[in-house]
Amino acid sequence: MRMQPNAQFDGQPVSEEAAATAIELSEASVTFGRGDRAVPALSKTSLKIADGEFVALVGPSGCGKSTILRLVSGLVQPTSGVVIVGGREVAARALRVGMAFQNPTMLPWMTIERNIMLPLKIVEPFRSNFRKLRKTAFRDKANALLEQVGLKGFGSHFPWQLSGGMLQRANLCRALIHEPRMLLLDEPFGALDQFTREELWTILQNLWMTHKPTVLLVTHDLREAGFLASRICVMSARPGRILDDSRVEFARPRTVAMTFEPEFVALNQKLRAFIEDARGAAQQRAG
Amino acid sequence: MSAIYIRQKAWSAGLIVLFFVAWELFCLATGMSDLVLPRPSQVFVTLYQRFPVLWPHIVQTLATTMFGFVLGVALGVALGATIGVSKTAYDTCYPLLIGFSSIPKVAVVPIFVLWFGSGTVPAVLTALSICFFPIVVNIATGLATTEPELEDVLKALGASKFDILWNVGLPRTMPFFFASLKVAISYAFVGAVLSETVASNRGLGNVMMTASSNFNVPLVFASLFVLAALGVALYVVFSLIEGRVTGWATRKNDVIAT
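Below: a short report on this structure.

With respect to the environment of Ser195 of chain B
Residues and elements named next belong to chain B.
Working step 1: With respect to the helices and strands, the residue Ser195 is situated in helix 7 (residues 161-199).
Working step 2: For the pair Ser195 and Thr120, spaced 75 residues apart in the sequence, the C-alpha separation amounts to 8.8 Å.
Working step 3: Look past the residues within four positions of Ser195 in its chain and what remains in contact with it is Val109, Pro122, Ala123, Thr126, Ser200 and Gly205.

A closer look at helix 8 (residues 204-213) of chain B
Residue and element names in this part refer to chain B.
Working step 1: Regarding helix 8, the residues found buried are Leu204, Gly205, Asn206, Val207 and Met208.
Working step 2: Contacts from the buried residues of helix 8 go to helix 2 (40-85), helix 7 and helix 9 (217-245).
Working step 3: Two residues or fewer after helix 8 comes Phe215, characterised by a positive phi angle close to 60°.

Notes on the sheet that holds strand 6 (residues 98-101) of chain A
Residues and elements named next belong to chain A.
Working step 1: The sheet built from six strands is open, its strands ordered 6-7-8-3-9-10 with mixed pairing. Each having just a single partner strand, strand 6 and strand 10 (242-247) make up the two edges of the open sheet. The average undirected angle you get between the axes of adjacent strands in this sheet is 15°.
Working step 2: Sheet analysis places strand 3 (residues 54-58) next to strand 9 (residues 231-235), joined by four bridges and oriented parallel.

Describing the interface of chain B and chain A
Working step 1: Listed by partner, the interface residues are 20 residues for chain B and 23 residues for chain A.
Working step 2: Going through the elements one at a time, helix 6 (148-156) and helix 7 of chain B are the ones with two or more residues in the side of chain B that touches chain A.
Working step 3: For the side of chain B that touches chain A, the residue count by class is eleven nonpolar, three polar and six charged.

Some remarks on the pairing of strand 1 (residues 21-32) of chain A
All names here are of chain A.
Working step 1: One ladder, built from eight bridges, connects strand 1 with strand 2 (residues 39-50); its direction is antiparallel. The residue bridging Ala28 from the neighbouring strand is Thr45, located in strand 2.
Working step 2: Here strand 1 pairs with strand 4 (residues 80-85) via five bridges, running antiparallel. The residue bridging Ser29 from the neighbouring strand is Ser80, located in strand 4.

Rules behind the numbers
Residues numbered from 1 in each chain as written. Chains lettered and ligands numbered in written order. Predicted model: local features only at pLDDT ≥ 70, side-chain atom pairs only at ≥ 80, totals over all residues. Helix = DSSP H or I, 4+ residues; strand = E, 2+ residues; numbered from the N terminus. Contact = placed C-beta atoms within 7 Å. Buried ≥ 20, exposed ≤ 12 C-beta atoms within 10 Å, placed from the backbone. Pairing = 2+ DSSP bridges. Axes fitted to C-alpha atoms, helices over the stretch in contact; angles between N-to-C directions. Nonpolar A, V, L, I, M, F, W, Y, C, P; charged D, E, K, R; others polar.

See the structure below:
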């Protein structure tokens, strides 16, 4: 199965009619627990993401960004409302989405190569051929991805021989190996230092431009959102809802230097203002 | 192997020998009767002289221990996996297991004898019942420590519970599993010998029982030495297997890809 390519990479919005809808949340809300203990995590949220779009979710911590991610991946069911992914309502089965978290969670007993091939062991149609192809085609596939993220030759290393940044690159490879239509990233670079983080932005941008998945990125870092995303959704404090939804029009491939240009800084300021308002509102409610 | 490594080992070996020498000297100096505490030299001489007689009993004890141990491992892994995966199973089985493991196994042997007659079967069952518990606990712990993020990644791929257990859960428990095997094998010896002491006419437990009622204390000690040696030997075997299988957990440089 091939992914639907995005029409262009210059950050221009893909017209609503032309692009198929990849993710659609309509009036979806999530409440954890019941009765007195109920914690609303996400208030009625509607969000439409086109195939091949790169959307960043930003907002104060604990605002339900990760909950949206878990809704889309089918790990959490909406308390009310509907979540449609790839034209079907989400039932927690076989979406074959790629996920990556802040913690790279490589399995310590496997080489990097075999760690990356793990999804192929689980997702069809690769699963049925895994025994046959794991030493040939699948291995080449893993190494091709490793080369793309600058880890050529590290396939036979064990996770503890790699640095945090290298592991996170391997993590991206693992999320992409089964050619998912959708990539869900939950603060993937949160634990990395500034320079490594910027390096990985570029790598992720390259990956997105070649593999063209729909990406939903949860992040705290506004520069990260601006650099990577073609669209940024700002969320309010818990229970979260979407306050602002804006397109990022900068041309691709973007460079780290661009993040210091006036327009980029202005975008950052605008987003920051939204989040500060949201935080302020939340504190007032709490106080 | 470095010179420091060899020197360290030589030191420990020397200290072990010194322990026996001190024991020997202590008995000689105090004029200790061999009815109370035989000298190590006496024990070794007895062991050498009586070895042909002891041999079938050694084989018997080793066989019942290993048999009980293997069954205990099978049961322990099955129970541990069930408990580790299912919350209901955990809540149901854990109190029962802790209760059962708190029962002194001496009290259980007569029941086994009542059910199966004296001899090999109660010895195997006692070994089993005493050695499976650490395995259950360790397997369950290993499964419980699977990273939730990784579980999410796999679930989002559509992985079944079995997929996760097979690819992530069980391999992750291996270091815990081997640690528990080393404990369990010595427990299995205790169980088998215990049962042989109470109700069997074969095995080292029975030999010790008979010998002590004849005041043949050196033979009792000779049997104890044999048991200790067997325990150490099996411990070493499992340590070696452990090093090969779960080297990744100790980050040795000679990790073997599994």
